[in-house]
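# Overview (structure and organization)
This is what each chain is made of:
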Amino acid sequence: MKKFWFTLGLIAIFVAVTFFVVPRKKVLYIYNWEEYIPDEVIKSFEEKYNCKVVYDSFASNEEMYAKIKAGGGGYDIVFPSGDHVSIMKKEGLLLKLDLNKIPNFKYLDPEILGKTIYDENHEYSVPYMMGSTGICVNKKYVKDYSHSWNIFLDQKLKGRMTLLDDMREVFGGALKYLGYSVNTTNPKEIEEAKQLILKWKENIVKFDASSYANGVVNGEYWVVHGYGEDIFQRIPEGEEDNFDFFIPEEGGTLWIDNMVILKGAKNVDLAYKFINHILDPKNAAIIADFLALPSPNIEARKYIKEKPIYTIEDLKNCEFINDIGSAIELYNKAWQEIIM
């Protein structure tokens, strides 16, 4: 009997030590685009702060917003694009930031910060990466083309092309090709863009946001509209010269993805540390090399080793997608008429 009580006492001591003496690791919950931060940057953060990062991913801003708006996930940090920063700010979903807790903010390019009209004073968001969607051509199959949206009018490529399944991105391309703003609220301009997209639709296989990268790499598709970083991560080493990714000469959409802390986040201090960790120039350089994108972090540019898919100069004719309020219904109606 004494042995029983002795054993029970040891178990009680073990439980007490485990739960009350040995500190448990804090957990930071992140909701981000898929494959958007290299594992080594996450691991170095976990090691530095003796914590655990739980990383969930989303495929679109709309998917992310719907989940957060519904109260799901319990996330601390989310990575919305600029227009959704504006929406989430209006909805009261974001924590107002104390930039004194993010000293590495000083490394961000002032010219890029000046473009963040969705959060001009950076009260709620910190830029992570910037860029544009573009067009990728598999040069094994396509030899004669111009760096223009008019490639989707080429009937010789019919059945071998895809456009993103993303309303604002596709409309953005059509509107820029026509010489209009990607944020127009003019019904005539939106209708004109719709008619152009319907002509493009005659030549594409489908609107696609998931398989285009693998498709253009393996030769199933010859021309795709999408994100260069998604495509080039899948190209076998040594075959990069077979693929031409370009920003159309007419321009297109411009995006900045941002780091925000959700109102009600459970690990605010750790979230600030994570944002600052991302903005450390050497970490920012690792991220830029991983994604092959230009970095908004001036100091990081000293450490970047890989040539980016495109440069900041290539984005000169591109335009930010803004929150256009109730006018979005004009786009929604036109988009449904396109994809039906």
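The text that follows walks through the structure, step by step, so that each part is easy to find. (Residues numbered from 1 in each chain as written. Predicted model: local features only at pLDDT ≥ 70, side-chain atom pairs only at ≥ 80, totals over all residues. Heavy atoms only, no water.)

All chains considered together, the criterion is met by 17 aromatic pairs. Between F152 and W200 the ring centres are 5.8 Å apart and the planes differ by 45°, which places this aromatic pair in the tilted class. Of this pair, F152 sits in the loop between strand 5 (134–138) and strand 6 (161–163) while W200 is found in helix 7 (residues 187–201), placing the two residues 48 residues apart along the sequence. Taken individually, F152 and W200 each receive the classification buried, so the pair is uniform in this respect. K67 extends its terminal NZ or CZ atom over the ring of Y31, reaching a point 5.0 Å from the ring centre. (Phe/Tyr/Trp six-rings, centres within 6.5 Å; stacked < 30°, edge-to-face > 60°. Helix = DSSP H or I, 4+ residues; strand = E, 2+ residues; numbered from the N terminus. Buried < 20%, exposed > 50% of the residue type's maximum accessible area, 1.4 Å probe, protein only. Lys NZ or Arg CZ within 6 Å of the ring centre and 35° of its normal.)

What follows is about the state of the cysteines. On inspection of all chains with the given rule, the structure shows zero disulfides. Residue C136 stays outside any disulfide, its sulfur separated by 16 Å from that of C318, the closest cysteine. C136 sits in the buried class, given a relative accessible area of 0%. (Disulfide = S-S within 2.5 Å.)

Relative to the elements of secondary structure, V53 occurs in strand 2 (residues 51–58). V53 gets classed as buried once you look at its relative accessible area, which sits at 8%. With 177 residues separating them in the primary sequence, V53 and D230 have C-alpha atoms 23 Å apart. In contact with V53, other than residues within four places in its own chain, are L28, I30, I42, F45 and E46. (Contact = heavy atoms within 4.5 Å.)

Here we take up the nonpolar core. Grouped burial of nonpolar side chains is what soluble globular proteins tend to show. Judged by nonpolar contacts, the single largest core of 74 residues is most densely connected at Y128, I231 and F274. Looking at this core, the element that brings in the most residues is helix 10 (residues 268–279), giving seven residues. Apart from residues lying up to four places away in sequence, I231 is in contact with C136, Y212, A213, V216, V217, V224 and F245. V137, L157, L163 and I324 belong to the second-largest nonpolar core, a separate cluster that totals 30 residues. (Core = buried A, V, L, I, M, F, W, Y, C linked by side-chain atoms within 4.5 Å.)

Time to look at helix 3 (residues 61–69). Within the span of helix 3, buried status applies to N61, M64, Y65 and I68. One face of helix 3 carries all of its buried residues, which in axial projection span an arc of 95°. The inward-facing, buried residues of helix 3 contact strand 1 (26–33), strand 2, strand 3 (77–78) and helix 4 (82–90). In the segment just after helix 3, G71 is the residue with positive phi, at about 85°. (Arc of directions from axis to C-beta.)

Under the counting rule described, the total for this entry stands at 13 salt bridges. The residue D119 makes a salt bridge to K89 at a minimum N-O spacing of 4.0 Å. Placement of D119 in the loop between helix 5 (110–113) and strand 4 (126–131) and of K89 in helix 4 is noted, with a sequence separation of 30 residues between them. Notably, a salt bridge pairs K140 with E239, separated by 3.8 Å at the nearest N-O pair. In this pair, K140 sits in the loop between strand 5 and strand 6 while E239 sits in the loop between helix 9 (228–232) and strand 9 (243–246), placing the two residues 99 residues apart along the sequence. (Salt bridge = Lys/Arg side-chain N within 4 Å of Asp/Glu carboxyl O.)

Let's shift gears to the packing of helix 3 against helix 4. One can describe the packing of helix 3 onto helix 4 by two numbers: an axis separation of 11 Å at closest approach and a directional angle of 15°. Here helix 3 lies roughly parallel to helix 4, going by the angle between them. In terms of crossing hand, the pair formed by helix 3 and helix 4 is right-handed. Touching N61, E62, M64, Y65 and I68 of helix 3 are H84, I87 and M88, all from helix 4. Residues of the contact of helix 3 with helix 4, tallied by class, amount to five nonpolar, two polar and one charged. (Axes fitted to C-alpha atoms, helices over the stretch in contact; angles between N-to-C directions. Parallel < 35°, antiparallel > 145°, perpendicular 65-115°, else oblique. Left-handed = near helix turned anticlockwise from the far one by under 90°. Nonpolar A, V, L, I, M, F, W, Y, C, P; charged D, E, K, R; others polar.)

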